[in-house]
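Take a look at the letters that make up each chain.
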Amino acid sequence: MPIFHAYDGTELAYRLLGKGTPLICLPGGPMRAGAYLGDLGGLSARRRLVVPDPRGTGDSAVPDDPSTYRCDRLVDDVEALREHLGEERIDLLAHSASANLAALFAARHPERLRTLTLVTPGTRAVGIDVTDQDWREASELRRGEPWYADARAALDDFLAGHASDQVRAVVAPFAYGRWDEAARTHAEAAPAQTNSSAAPFYYQDGVFDPATTNAALTAVTAPVLVLAGEYDAGPTPDRAAELVALFPNAEFVVQRGAAHFPWLDDPGAFVRTVEAFLDPEVLSVHAGGTRLAHRVWGDPSAPPVVLAHGRCDDSRTWTTIAERLAAEHRVYAFDFRGHGLSDWPGRYSLELFRDDLHAFLEARNLAGATVVGHSMGAAAAYLLAEREPGLIGRLVLEEVPPPFPLDPPRGVAERPDGELDFDWPVVPSTDAQLNEPDPAGRERLGEIVAPTLVIGGGPTSQIVQERLVWMAGRIPDGRFVSIDAGHLVHTERPDEFLAELRKFGLS
């Protein structure tokens, strides 16, 4: 492992995982070696993780002065690592107890932060107390688990002050969203990774001055993500929300089904959330209870255009079109649920995608915007235009699936091997609807009041073009154009696609 030297000469070790922009990942514990973080659920595939072993843990040296284990003095170790890496500003991620360290670092060195990610964070440094009642209420959420009775009895012993290793081991299931073999292995490794003699120094009396720290945090202009676990007690989501309020530019996410180690409970959900936050080109809104990632181009004062992607795609499919439209428009392209960097809740339908579009328009105050939808996104768009006349200013439907049963119907799709950029249940769920669409979608086309352009892909498209002509004819202010490009008109023929948008009124 590579090493660097702290301010007092102590040799400190760190691991490097992955490639890309460095992300310093502080382990919690307190005073636990960084090995338990692993690769943070696969986040190393997106970023270069820099995972230090705190002094006196793992491969780092034991300091001569044990008072240097104090959380406030460890701030200088983080600063030494930043200098060693040669980074003017850093992306900093902290888990659990190390969030206290990260808060102190942010308060002392706000200009050194590019972003700050706090995962199931400790809150002592800012004076937010996790109470015994918090633990009891959080434990009640797990009452249906087979291990609950024994773990709850051990938790009561723990809260009464009987914190033996045996008690901690029995309480451990509460820290995991799933108490499976991976969780057991992770929990069993904790004692050997933790410097238990150093931990009391970390929280020594006088280490924290919440009033001073909280005042300093108001100067932290860097984006902050606070990620809480639905089942976590330390802190509960309610306590974590209190932490969010201390920062002027903070985002709050509760990972469903997760407890204290969310990258183990649902690696995909964890990585998508953190990746979306760390990418400066991606924003997120919470719309209708779902986190929707999106990208934005153009002048904020320009007329808005919203781009809705097709099935199994994401907002990146619109990049070329968005960049060119941005000369005259404010352009938004978002990821539907189950796609890209948005939440993957596991339940999907054209109506839920319609609701995503509706919620996104409302969250970003985009009533009256032009909406351009491709395939599945176009279906969501016309269903919304039927349901909410007047919400959409202009409507473009590119290769929209017509509201007629497929003939022949699609058979059962087989999931491809490997990692996907979308949630596979999207496919069988929407295939079932394409085979037997709701007749209301067809019957209500006449209720669309927005001027509508239907774009077909010509004879090489798998969609029956005559049905698209029929749809355009049923919409009161609808028109149809054909571009010989197959199903992916906007990617295969972007010039012709944009030319038709201009004729339609998008300058």
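Relevant structure appears above.
Residues numbered from 1 in each chain as written. Predicted model: local features only at pLDDT ≥ 70, side-chain atom pairs only at ≥ 80, totals over all residues. Heavy atoms only, no water.

**Some details on the overall build of the protein**
Then, number 1: When helices and strands are counted, the protein shows 20 helices and 16 strands.
Then, number 2: Compactness check: the protein gives a C-alpha radius of gyration of 26 Å against a globular reference of 23 Å for 507 residues, within 12% of the reference.
Then, number 3: Taken along its principal axes, the extent of the C-alpha atoms in the protein is 80 × 50 × 40 Å.
Then, number 4: Within the span of the protein, comprising 507 residues, buried residues form 55% of the whole.
Then, number 5: A separation threshold of at least 6 residues defines the contact pool for the protein, and within that pool the share at least 24 residues apart is 73%.
Then, number 6: Accessible area of the protein: about 21100 Å², with a carbon and sulfur share of 49%.
Then, number 7: Computed over 47 positive and 74 negative side-chain charges, the inter-centroid distance for the protein is 3 Å. (Helix = DSSP H or I, 4+ residues; strand = E, 2+ residues; numbered from the N terminus. Rg over C-alpha atoms; globule rule 2.2 N^0.38 Å. Buried < 20%, exposed > 50% of the residue type's maximum accessible area, 1.4 Å probe, protein only. Contact = heavy atoms within 4.5 Å. Areas by Shrake-Rupley, 256 points an atom, 1.4 Å probe, with all protein chains shown as cover. Lys, Arg positive; Asp, Glu negative; His and termini not counted. Charge placed at Lys NZ, Arg CZ, Asp CG, Glu CD.)

**Digging into the pairing of strand β11 (residues 304–308)**
Every regular strand shows the same layout, with side chains that alternate between the two sheet faces.
Then, number 1: Of all five residues making up β11, four are buried, and the element is well covered by its neighbours.
Then, number 2: In this structure, β11 lies alongside strand β12 (residues 330–334), joined through five bridges in parallel fashion. Directly across from Ala308, in β12, lies its bridge partner Phe334.
Then, number 3: Handedness of the crossover is the feature at issue here: the chain leaves β11, passes through helix α13 (residues 319–325), returns alongside β12, and the resulting connection is right-handed.
Then, number 4: The pairing of β11 with strand β13 (residues 370–374) spans four bridges and is classified as parallel. (Pairing = 2+ DSSP bridges. Right-handed = clockwise from strand over helix to strand, strands pointing away.)

**Section: unusual backbone geometry**
Then, number 1: The amide bond that connects Gly29 to the next residue, Pro30, takes the cis arrangement and shows omega of 0 degrees.
Then, number 2: If you trace the backbone, Pro30 turns up in the loop between β3 (22–26) and β4 (48–52).
Then, number 3: Backbone torsion omega between Asp407 and Pro408 reads 5 degrees, so that peptide bond is classified as cis.
Then, number 4: Tracing the chain through its elements places Pro408 in the loop between β14 (394–398) and α16 (426–435).
Then, number 5: Unlike most non-glycine residues, Cys312 shows phi in positive territory, near 70 degrees.
Then, number 6: As for its position among the elements, Cys312 is in the loop between β11 and α13.

**Overview of the packing of helix α14 (residues 350–363) against helix α15 (residues 376–387)**
Then, number 1: Two elements in contact, α14 and α15, have axes whose closest approach is 8 Å; the angle formed by their N-to-C orientations is 70 degrees. Classified by the angle their axes make, α14 and α15 are roughly perpendicular. In contact with Leu350, Phe353, Arg354, Asp355, Leu357, His358 and Leu361 of α14, α15 contributes Met376, Ala379, Ala380, Ala381, Leu383, Leu384 and Arg387.
Then, number 2: Looking at side-chain class alone, the contact of α14 with α15 contains ten nonpolar, one polar and three charged residues. (Axes fitted to C-alpha atoms, helices over the stretch in contact; angles between N-to-C directions. Parallel < 35°, antiparallel > 145°, perpendicular 65-115°, else oblique. Nonpolar A, V, L, I, M, F, W, Y, C, P; charged D, E, K, R; others polar.)

**Looking at the packing of aromatic side chains**
In this description, a pair of aromatic rings is defined by centroid distance and the angle of the planes.
Then, number 1: Enumeration according to the criterion identifies 20 aromatic pairs in this entry.
Then, number 2: Look at Tyr36 and Phe261: their rings are 6.2 Å apart centre to centre, the planes differ by 85 degrees, and that puts the pair in the edge-to-face class. A residue pair is termed long-range when its members are at least 10 positions apart, and Tyr36 in the loop between β3 and β4 and Phe261 in the loop between β8 (250–255) and α11 (262–265) qualify at 225 residues. Grouping residues by exposure puts Tyr36 and Phe261 together as buried.
Then, number 3: Among the aromatic side chains, those forming a connected cluster through ring pairs are Tyr36, Tyr176, Trp179, Phe261, Trp263 and Phe270.
Then, number 4: Of note, Arg124 hangs over the ring of Tyr203, and the distance from its end group to the ring centre comes to 3.7 Å.
Then, number 5: If you follow Arg467 out to its NZ or CZ, it ends over the ring of Phe404, 4.1 Å from the centre. (Phe/Tyr/Trp six-rings, centres within 6.5 Å; stacked < 30°, edge-to-face > 60°. Lys NZ or Arg CZ within 6 Å of the ring centre and 35° of its normal.)

**Points about the environment of Pro345**
Then, number 1: In this structure, Pro345 sits in the loop between β12 and α14.
Then, number 2: Along the backbone, Pro345 and Ala269 are 76 residues apart, and their C-alpha atoms lie at a distance of 9.2 Å.

**A look at the packing of helix α2 (residues 98–108) against helix α9 (residues 210–217)**
Then, number 1: Where α2 contacts α9, the axes come no closer than 8 Å and their chain directions differ by 60 degrees. In terms of orientation, α2 and α9 fall into the oblique class. Crossing geometry of α2 relative to α9 is assigned as left-handed. Residues Ala103, Leu104, Ala106 and Ala107 of α2 form the contact with α9, whose own contacting residues are Thr213, Ala216 and Leu217.
Then, number 2: Residues of the contact of α2 with α9, tallied by class, amount to six nonpolar, one polar and no charged. (Left-handed = near helix turned anticlockwise from the far one by under 90°.)

**Description of the pairing of strand β6 (residues 113–119)**
Then, number 1: The element β6 is largely enclosed, with a buried count of six among its seven residues.
Then, number 2: Pairing geometry for strand β5 (residues 90–95) and β6, over six bridges, is parallel. Residue Ile90 lies in a different strand from β6, and its bridge partner there is Leu113.
Then, number 3: In this region the chain leaves β5, passes through α2 and returns to the parallel neighbour β6; the handedness of that crossover is right-handed.
Then, number 4: Note that β6 and strand β7 (residues 224–229) share four bridges and pair parallel. From the neighbouring strand, Thr117 faces β7, where its bridge partner is Leu225.

**Side note on the sheet that holds β3**
Then, number 1: In spatial order, the strands read β1-β2-β4-β3-β5-β6-β7-β8; together these eight strands make up an open sheet with mixed pairing. The open sheet has two edge strands, β1 (3–5) and β8, and neither has a second partner. Neighbour-to-neighbour, the strand axes of the sheet open up by a mean angle of 25 degrees, direction not taken into account.
Then, number 2: In this structure, β7 lies alongside β8, joined through six bridges in parallel fashion. Among the inter-strand pairings, Val224 is bridged to a residue of β8, identified as Ala250.
Then, number 3: Contacts from helix α1 (residues 71–85) reach β1, β2 (11–17), β3, β4 and β5 within the one sheet, and its direction differs from that of β1 by about 115 degrees.

**Considerations on helix α18 (residues 465–474)**
Then, number 1: All of the buried residues along α18 are Gln465, Leu468, Met471 and Ala472. All buried residues of α18 fall inside an arc of 110 degrees around its axis, so they share one side. Those residues of α18 that are exposed and angled more than 90 degrees off the buried face are Glu466 and Gly473.
Then, number 2: Where α18 is buried, its residues contact α15, β15 (452–456) and β16 (478–482). (Arc of directions from axis to C-beta.)

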